[in-house]
Amino acid sequence: MSQKAILVTGGAGYIGSHTVIELLEAGREVVIYDNLYNASYEAVERIEKITGKKPIFYKADVLDKKALLEVFSRHSIGSVIHFAGLKAVGESTKIPLDYYYNNITGTIVLLQAMKEANIKNIVFSSSATVYGEPPVIPIPETSPTDAKSPYGRTKLFVEHIIRDLCTAEKDWNAALLRYFNPAGAHPTGQLGENPTGIPNNLMPYFAQVAIGKRDHLSIFGKDYPTRDGTCIRDYIHVVDLAKGHLAALKKLEDNPGCVEYNLGTGVGSTVLEMVHAFIKAVGRDLPYVITDRRAGDVPNLTADPTKANIELNWKAEKSLEEACASLWKWQQNCPEGLSKDAKVPDECIINYL
Ligand SMILES: NC(=O)c1ccc[n+]([C@@H]2O[C@H](COP(=O)([O-])OP(=O)(O)OC[C@H]3O[C@@H](n4cnc5c(N)ncnc54)[C@H](O)[C@@H]3O)[C@@H](O)[C@H]2O)c1
């Protein structure tokens, strides 16, 4: 691997922080670039505690080109992993302009700054949501794309933008990673998903039911054409997902141009199966109710990860049980989430906006 540092936008967030840990443990130098909109500086402190290595951190915005160029001039960056973005499907239907501006304009500004700094390798966080309602399960990368929400469309548009750039300028390389459903937490129980407000996703919500912060879980719909009537998703342990980014970075060294990969396990679980796996991890019954379907949910999103397995030499290895156990450990260790008040050192803040 090239010895240059990796800039990780959104590196204080859920998937970003786990990826930073894997990078540091693999001996890579990391520069985290995050505006802390949906994260805490405490995540950076915990990364250091877990790895014994201090990542370089900047509190700065991807919309801030001057800040990006300043960071690029201070460090020798070889590649960027771009996690920074807004990610709530429901919220994106209410404030679409914020989603398009942050996720699409933010990525364009980042790509422009990278181009000026002659950094031409990018790994991008895309999503299985780009597939809409796929005609074939498990879903190959060749499946038609048809995102159904503003959030999903930001991912799809950015994929097109990066692909067009790689077509126009042959010295660019990009891995578009379509994540399925990230789950679980770091096995130390020190880091995990840190939702502000009401969690959008099933597992963080159910974990909050388990510690008594929420009454019960609502399962949306039991009349889908699946084995128990609830939706099927491909839950991938966040540590496996993080490792997929290291494999993608390595792939970029072969100058592949723009390549897409599904990062999933290839095994779908129903919501009820997931609920029972978590109940088992907690060791006692937890309240849930079945309600009506939620608009926009599709019956089954299960990855065909064969392309990533072969071309990235990467495979998800951790079980659903490990995901549930780590989530429960994290939730018990840190029931209130990470502190929003952790003070960012002044020298880490750059803001020209
Ligand atoms: N978690 C999922 O279920 C999931 C699934 C598919 C794809 N993704 C994508 O993966 C990426 C990471 O997701 P996550 O779950 O870790 O989310 P997250 O919210 O925990 O992390 C995103 C990080 O980006 C930062 N950020 C947002 N806008 C920024 C900006 N303008 N400048 C700098 N930093 C900014 C936030 O502060 C946060 O730390 C996102 O792009 C998301 O859309 C997530």
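Cut-off values and rules
- Residues numbered from 1 in each chain as written.
- Predicted model: local features only at pLDDT ≥ 70, side-chain atom pairs only at ≥ 80, totals over all residues.
- Heavy atoms only, no water.
- UniProt positions renumbered as here; feature names shortened; annotations may be inferred.
- Salt bridge = Lys/Arg side-chain N within 4 Å of Asp/Glu carboxyl O.
- Helix = DSSP H or I, 4+ residues; strand = E, 2+ residues; numbered from the N terminus.
- Buried < 20%, exposed > 50% of the residue type's maximum accessible area, 1.4 Å probe, protein only.
- Axes fitted to C-alpha atoms, helices over the stretch in contact; angles between N-to-C directions.
- Parallel < 35°, antiparallel > 145°, perpendicular 65-115°, else oblique.
- Left-handed = near helix turned anticlockwise from the far one by under 90°.
- Contact = heavy atoms within 4.5 Å.
- Nonpolar A, V, L, I, M, F, W, Y, C, P; charged D, E, K, R; others polar.
- Near = heavy atom within 4 Å.
- Polar contact = N/O pair within 3.5 Å; in protein donor to acceptor, adjacent residues only side chain to side chain.
- Expected span 1.5 Å × (residues − 1).
- Pairing = 2+ DSSP bridges.

- Where an unreviewed UniProt entry is consulted, the protein appears under the name UDP-glucose 4-epimerase, with the organism given as Parasitella parasitica.
- UniProt lists a comment for the protein under the heading Function (unreviewed entry), and it reads "Mutarotase converts alpha-aldose to the beta-anomer. It is active on D-glucose, L-arabinose, D-xylose, D-galactose, maltose and lactose."
- Regarding the protein, the UniProt comment filed under Catalytic activity (unreviewed entry) reads as follows: "UDP-alpha-D-glucose = UDP-alpha-D-galactose".

Description of the pattern of salt bridges
Part 1 of the reasoning: By the definition in use, this model includes 19 salt bridges.
Part 2 of the reasoning: In this structure, Asp223 engages Arg293 in a salt bridge whose closest nitrogen and oxygen atoms are separated by 2.8 Å. Here Asp223 is found in the loop between strand 8 (217-220) and strand 9 (232-233), whereas its partner Arg293 is found in the loop between strand 13 (288-291) and strand 14 (300-301), with 70 residues between them in sequence.
Part 3 of the reasoning: Residue Asp223 is classed as exposed on the basis of its relative accessible area of 52%.
Part 4 of the reasoning: Salt bridges linked by common partners bring Glu159, Arg163, Arg178, Glu260 and Lys307 together as one network.

Considering the packing of helix 9 (residues 271-282) against helix 11 (residues 320-333)
Part 1 of the reasoning: With their axes 9 Å apart at the nearest point, helix 9 and helix 11 run at an angle of 55° to one another. Between helix 9 and helix 11, the angle falls in the class oblique. Considering the relative orientation of helix 9 and helix 11, their crossing is right-handed. Contacts from Met274, Ala277, Phe278, Ala281 and Val282 in helix 9 reach Leu320, Cys324, Ala325, Leu327 and Trp328 in helix 11.
Part 2 of the reasoning: Considering only residue class, the contact of helix 9 with helix 11 consists of 10 nonpolar, no polar and no charged.

Observations regarding the site of the ligand
Part 1 of the reasoning: Inspection of the region around the ligand gives 27 residues, with Asp34, Asn38, Phe83, Asn102 and Tyr151 positioned closest.
Part 2 of the reasoning: A distance of 2.6 Å is found between an oxygen atom of the ligand and a side-chain nitrogen or oxygen belonging to Asp34.
Part 3 of the reasoning: Interatomic distance of 2.8 Å between a side-chain N/O atom of Lys155 and an oxygen atom of the ligand.
Part 4 of the reasoning: Listing elements by their share of the shell around the ligand, those giving two or more residues are helix 1 (14-25), strand 5 (121-127) and helix 6 (150-168).
Part 5 of the reasoning: Looking at the shell around the ligand, the element that brings in the most residues is strand 5, giving three residues.

Some thoughts on the UniProt feature "domain: NAD(P)-binding" (unreviewed entry) in the protein
Part 1 of the reasoning: Listed under "domain: NAD(P)-binding" (unreviewed entry) in the UniProt record, and renumbered for this structure, are residues 7-325.
Part 2 of the reasoning: Helix makes up 40% of residues 7-325 and strand makes up 18%, while its end C-alpha atoms are separated by 31 Å.

Brief notes about the side chain of His186
Part 1 of the reasoning: Following the sequence through the fold, His186 ends up in the loop between strand 7 (181-183) and helix 7 (202-210).
Part 2 of the reasoning: Not counting residues within four places of it along the chain, the set of residues in contact with His186 comprises His18, Ile21, Ile50, Leu191, Val239 and Ser326.

With respect to helix 8 (residues 238-252)
Part 1 of the reasoning: If you check helix 8, its first and last C-alpha atoms are 22 Å apart, about what 15 residues at 1.5 Å a residue would give, namely 21 Å.
Part 2 of the reasoning: Burial of helix 8 is extensive: 13 of the 15 residues sit out of reach of the surface.

Structural notes on the sheet that holds strand 14
Part 1 of the reasoning: If you trace the three strands from one edge of the open sheet to the other, you get 12-9-14, paired in mixed fashion. What marks the edges here is a single partner per strand, and that holds for strand 12 (269-270) and strand 14.
Part 2 of the reasoning: Both strand 9 and strand 14 contribute to a ladder of two bridges, which runs parallel. Opposite Ile232, over in strand 14, you have Asn300 as the bridge partner.

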